[in-house]
Amino acid sequence: MLKTPTNHGRLAVVVTSVFGFLTTSAAADELLASNGPLSSTPAAHETGADLVWAVPQGAAAGVSAYATLDYRLAERFEVSASSIDSVVVYGYQQGAIAGPTIDFLGVELWDGQPGQPGSTRVSGDVSTNGLDSAEFTNTYVALHGVSFTTDRPVYALTAANLGWSVGAGEYWLVWSMGGSIDGGPYSPYLGDDADPTDGNALQLVLGSWRPANNRTEDGVQVSLPFEVYGATACAADCDGDGSLTIFDFLCFQNAYSAGESSADCDGDGSVTSDDFTCFQASFMAGCG
């Protein structure tokens, strides 16, 4: 239960004492969450590139995220309170030897496991193309034991300028891909030169979520590579504009006076004088 503060006057003193402090910008483009590395066999390809094998022998080389058939993939991650600016997933199409052929990437964020009661989409839209860039990763996917084929180049696919504000907790990243040629797109899965990495990746097929496996029969639920970038929320940037100014003090003063949970700077569950001491220290330290 948050307690209503009574010593509002001290905050006014704090505002006056630091008003001359230089404006600073909040940090951005931090790596907030990731799953990897993409390849556990660097430089194993005959060209000197990294290699991702379909493992074990006889397994599929990747997991389909074919948007035209409404196939989707999902992976779980945890973050602190943050603003998510971009996400990176990895994909390939068999036969893409002349450059990137993946031209569609839809992404969205869920607050729980997709398909489970109570889970909802909180940001993004997997049906909207958010592809910002497709960059070759110097990595090839190949069937187990093969180290010379170059028909499955892996691309890092970025969806940028997302602006997803999230509280601390567990989320699911959902994505779908489309391409200009037949054969996928697929996401490579994590593993070594013998076995896949056990994971909790999901795949939407024919309207139902199921484990994303490395093969249809007797497959292993795999782990898919991805990265989430943005900025961890800064306690001093009360108005969320990315800069520290006098308006952040006014924002905090209002929240503090109202006993709102956003004024609980030290995270102890109560709004007390310790919180504006915490806020002052955070402001002086900056958000860089």
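Residues numbered from 1 in each chain as written. Predicted model: local features only at pLDDT ≥ 70, side-chain atom pairs only at ≥ 80, totals over all residues. Heavy atoms only, no water.

Undergrad: Could you clarify how one ought to interpret the environment of phenylalanine 279 in this entry?
TA: Examined against the element boundaries, phenylalanine 279 turns out to sit in helix α3 (residues 273–285). Residue classification places phenylalanine 279 among the buried residues on the basis of a relative accessible area of 1%. Note: C-alpha distance between phenylalanine 279 and cysteine 238 (41 residues apart in sequence) is 9.4 Å. Beyond its immediate chain neighbours, meaning those up to four positions away, phenylalanine 279 contacts Ala235, Ala236, Cys238, Asp248, Phe249, Phe252 and Cys265. (Helix = DSSP H or I, 4+ residues; strand = E, 2+ residues; numbered from the N terminus. Buried < 20%, exposed > 50% of the residue type's maximum accessible area, 1.4 Å probe, protein only. Contact = heavy atoms within 4.5 Å.)

Undergrad: Hey, could you run me through helix α2 (residues 246–257) in this one?
TA: In an α-helix, one turn spans 3.6 residues; hence positions three or four apart end up facing the same way. Taking 1.5 Å of rise per residue, twelve residues should cover 16 Å, and α2 covers 17 Å from first to last C-alpha, within 8% of that figure. The set of residues buried in α2 consists of Asp248, Phe249, Phe252, Ala255 and Tyr256. Projected down its long axis, α2 shows its buried positions confined to an angular sector of 130°, all on one face. Turned more than 90 degrees off the buried face of α2, the exposed positions are Phe247 and Asn254. Backbone geometry just after α2 places glycine 259 at a positive phi near 70°. (Expected span 1.5 Å × (residues − 1). Arc of directions from axis to C-beta.)

Undergrad: How should unusual backbone geometry be read in this particular structure?
TA: Most peptide bonds take the trans form, and the phi angle of most residues other than glycine is negative. Here the residue pair valine 55 and proline 56 is connected by a cis peptide bond, since its omega of -10° sits within 30 degrees of zero. By secondary structure assignment, the location of proline 56 is in the loop between β3 (50–54) and β4 (63–64). Here the residue pair glycine 184 and proline 185 is connected by a cis peptide bond, since its omega of 10° sits within 30 degrees of zero. For proline 185, the location among the structural elements is in the loop between β12 (169–179) and β13 (186–187).

Undergrad: Explain the packing of aromatic side chains here, please?
TA: To describe a pair of aromatic rings, you give the distance between the ring centres and the angle between the ring planes. Under the defined criterion, the tally for this structure stands at eleven aromatic pairs. With a centroid separation of 4.6 Å and 50° between ring planes, the pair formed by phenylalanine 249 and phenylalanine 283 is classed as tilted. Residue phenylalanine 249 is found in helix α2, and its partner phenylalanine 283 is found in helix α3; the two are separated by 34 residues along the sequence. Of the two residues examined, phenylalanine 249 and phenylalanine 283, each falls in the buried class. On the basis of an interplanar angle of 35° and a centroid distance of 6.5 Å, the ring pair of phenylalanine 279 and phenylalanine 283 is categorised as tilted. On the criterion of helical spacing, the pair formed by phenylalanine 279 and phenylalanine 283 is a turn pair, its members being four residues apart in helix α3. One aromatic cluster in this structure is built from Phe249, Phe252, Tyr256, Phe276, Phe279 and Phe283. (Phe/Tyr/Trp six-rings, centres within 6.5 Å; stacked < 30°, edge-to-face > 60°.)

Undergrad: What am I meant to see in the nonpolar core here?
TA: Here is a general trend for soluble globular proteins: nonpolar side chains tend to be buried in one another's company. With 46 residues, the main nonpolar core has Phe77, Ile84, Val87 and Trp175 as its most contacted residues. Look past the residues within four positions of tryptophan 175 in its chain and what remains in contact with it is Ala65, Arg72, Leu73, Ala74, Glu75, Val89, Leu105, Gly106, Val107, Val126, Ser187 and Leu224. Of all hydrophobic cores here, the second largest spans 14 residues; its members include Ala236, Phe252, Phe276 and Phe283. (Core = buried A, V, L, I, M, F, W, Y, C linked by side-chain atoms within 4.5 Å.)

Undergrad: Sorry, what's going on with α3 here?
TA: Over its 13 residues, α3 extends 19 Å from the first C-alpha to the last, a length consistent with the 18 Å expected when each residue adds 1.5 Å. Regarding α3, the residues found buried are Asp275, Phe276, Phe279, Ser282 and Phe283. The buried residues of α3 occupy an angular sector of 115° when the element is viewed end-on, so they sit on one face. Following α3 by one or two positions, glycine 286 has its phi on the positive side, about 80°.

Undergrad: How should I be thinking about the environment of glycine 286 in this particular structure?
TA: Following the sequence through the fold, glycine 286 ends up in the segment after α3. Residue class for glycine 286 comes out buried when judged on its relative accessible area of 19%. Each C-alpha atom of the pair glycine 286 and alanine 236 lies 7.5 Å from the other, and the pair is 50 residues apart in sequence.

Undergrad: Any chance you could explain the pairing of strand β14 (residues 202–205) here in plain terms?
TA: Two faces belong to every sheet, and in a regular strand the side chains alternate between them. On β14, burial covers both faces: Leu202 and Leu204 on one face and Gln203 and Val205 on the other are all buried. The pairing of strand β5 (residues 72–79) with β14 spans three bridges and is antiparallel. The partner of arginine 72 across the bridge, within β14, is leucine 204. Pairing of β14 with strand β15 (residues 208–211) involves four bridges; the strand directions are antiparallel. Across the sheet, the residue bridging to leucine 202 is proline 211, located in β15. The loop that links β14 with its antiparallel partner β15 comprises two residues; one of these, leucine 206, has a positive phi angle of about 55°. (Pairing = 2+ DSSP bridges.)

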